[in-house]
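Chain by chain, the residues:
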Amino acid sequence: MLQILSVTFPFFALIALGFAAAKTKILPMLSIPGMNLFVLYFALTAMLFQLGATTPVAQLLDPAVMGLWLVAGLAVMSVAVVTSRHGGKSWLDAAFGALIAVLPNSGFMGVPLLIALVGNRAAGPISASLIVDIVLIQSIGLAVSHIGAGNGSAWSEVAASLRRAVKNPLPWSIVLGAVVGVTGLPVPGPLDRMLTILAAAATPVALFTIGAVLARESTNVPAGRVRTGIRAFGDVYWLAALKLLAHP
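The text that follows walks through the structure, step by step, so that each part is easy to find.

What counts, and where the lines are drawn
- Sequence order sets the numbering: in each chain, residues are counted from 1 along the sequence as written.
- In keeping with the model being predicted, local features are shown solely for residues with a pLDDT of at least 70 and side-chain atom pairs are shown and tallied solely at 80 or more, while totals for entire chains, interfaces and linings include all residues.
- Values shown for side chains rest on all heavy atoms present in the structure; no hydrogens or waters enter the calculation.
- Pairs were defined over the aromatic rings of Phe, Tyr and Trp, the Trp ring being its six-membered one, requiring ring centres within 6.5 Å. Orientation was assigned from the angle between planes: stacked under 30 degrees, edge-to-face over 60, tilted for the rest.
- Secondary structure elements are taken from DSSP: a helix is a run of H or I of four residues or more, a strand is a run of E of two residues or more, and numbering for both begins at the N terminus.
- Per-residue accessibility, obtained with a 1.4 Å probe over protein chains only, is compared with the maximum for each type, and a residue is labelled buried under 20%, exposed over 50%, and partly exposed between these values.
- Patch members must show over 30% relative accessible area and no salt bridge, and they are joined within 9 Å when carrying like charges or within 5 Å when they are nonpolar side chains of Val, Leu, Ile, Met, Phe, Trp or Tyr.
- Computed by Shrake-Rupley with a 1.4 Å probe, the accessible areas treat only the displayed protein chains as cover when residues are assessed.
- Any carboxyl oxygen of Asp or Glu that lies within 4 Å of a side-chain nitrogen of Lys or Arg is treated as forming a salt bridge with it.
- Definition of nonpolar core: a set of buried residues of the types Ala, Val, Leu, Ile, Met, Phe, Trp, Tyr and Cys, connected through side-chain atoms within 4.5 Å.
- Any two residues whose heavy atoms approach within 4.5 Å at even a single point are treated as in contact.

Brief notes about the packing of aromatic side chains
Here's step 1: Within this structure, the stated rule accounts for 1 aromatic pair.
Here's step 2: Note on phenylalanine 38 and phenylalanine 42: the rings are 6.4 Å apart at their centroids and 20° apart in plane angle, and the pair reads as stacked. Note that phenylalanine 38 and phenylalanine 42 are positioned in helix α2 (residues 32-54) at a spacing of 4 residues, about one turn of the helix.
Here's step 3: A relative accessible area of 28% places phenylalanine 38 in the partly exposed class.

See the structure below:
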């Protein structure tokens with residue numbers, strides 16, 4: 001227990017530090033989107049590229065892991081959508097509620113935390129789950145959100161969702177790293193060192209950014225958003241239960 005705590009405490013301490021920095025306005029709120037973009041397009045992609053290059057392809061694309069993750073995700077999504085629709089929610093609200101219940105924060109938190117806890121053997125499963133989440137689960141969820149909107153068939157919505165998924169740099173960084181690993185293409189020394197520096201920045205900046213985002217959401221509430229009330233709390237508790245109990 002103490003060993004796990006010694007690994008996890010710095011992660012949550014960094015989140016708390018980011019929260020405090022944004023809450024006290026030491027960190028300007030306007031800088032948070034830039035930090036998000038840095039992690040997504042530079043630091044985290046560098047980390048996943050290196051993981052893809054050093055992890056066997058059989059682990060990165062393990063059909064058992066990907067199949068189980070997809071089935072579990074679709075099962076939880078179905079429960080969330082059905083209960084939301086039964087409660088009178090629109091397809092849009094039901095679909096995004098389902099995505100909330102299914103999608104973990106694998107990129108910003110899952111990758112660094114699992115690797116710190118169990119080592120590089122976590123790289124294959126976490127990469128496989130990322131690919132399923134980004135390419136399939138998100139695309140299906142977005143397609144469901146357009147049901148009844150009258151702006152195209154279900155297949156056209158799936159195609160549009162897949163096009164959006166293709167623009168996400170995370171799966172491409174894994175695939176590119178896997179290509180380098182399989183072909184044995186050498187990465188020039190200066191470029192490899194640059195990627196190593198970027199990858200090292202992914203964990204602290206991502207966790208710090210999570211804390212800053214939490215502070216921004218707690219202080220910058222758009223007009224009209226309901227923050228209290230039985231209906232709001234009921235949705236939150238139900239989706240949280242699906243996310244933290246059913247999906248795992």
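Quick word on a nonpolar patch on the surface
Here's step 1: On the surface, Val166, Trp172, Val175, Leu176 and Val179 cluster together to form a nonpolar patch covering roughly 460 Å² of accessible area.
Here's step 2: Examining the composition of the nonpolar patch, we find that 4 residues originate from one element, helix α9 (residues 169-183), more than from any other.
Here's step 3: Note that leucine 176 resides in helix α9.

Remarks on the environment of alanine 241
Here's step 1: For alanine 241, the position within the fold is in helix α11 (residues 230-246).
Here's step 2: Each C-alpha atom, one on alanine 241 and one on alanine 101, is 8.1 Å from the other, the two residues being 140 residues apart in sequence.

Some remarks on the nonpolar core
Here's step 1: Within the largest apolar cluster, 33 residues are counted, with the highest numbers of intra-cluster contacts made by Leu44, Met47, Leu48, Leu51 and Val111.
Here's step 2: Residue assignment for this core shows that the elements contributing at least two residues are α1 (2-23), α2, α6 (106-118), α7 (123-145), α9 and α10 (189-219).
Here's step 3: Ranked by residue count, the leading element in this core is α2, at 8 residues.
Here's step 4: Leave out the neighbours within four places in its chain, and leucine 51 touches Val111, Ile115, Asn120 and Ala123.
Here's step 5: Listed in part, the 14 residues of the second largest apolar core include Val81, Val132, Ile137 and Leu239.

Looking at the pattern of salt bridges
Here's step 1: Using the criterion set out here, one finds 2 salt bridges in the structure.
Here's step 2: Between aspartate 235 and lysine 89 there is a salt bridge, and its shortest N-O distance comes to 3.4 Å. Pair noted here: aspartate 235 is in helix α11 and lysine 89 is in the loop between α4 (63-86) and α5 (91-102), with a separation of 146 residues, a long-range link.
Here's step 3: The residue arginine 216 makes a salt bridge to glutamate 217 at a minimum N-O spacing of 3.6 Å.
Here's step 4: Classification of arginine 216 as partly exposed rests on a relative accessible area of 22%.
Here's step 5: What makes glutamate 217 partly exposed here is its relative accessible area of 35%.

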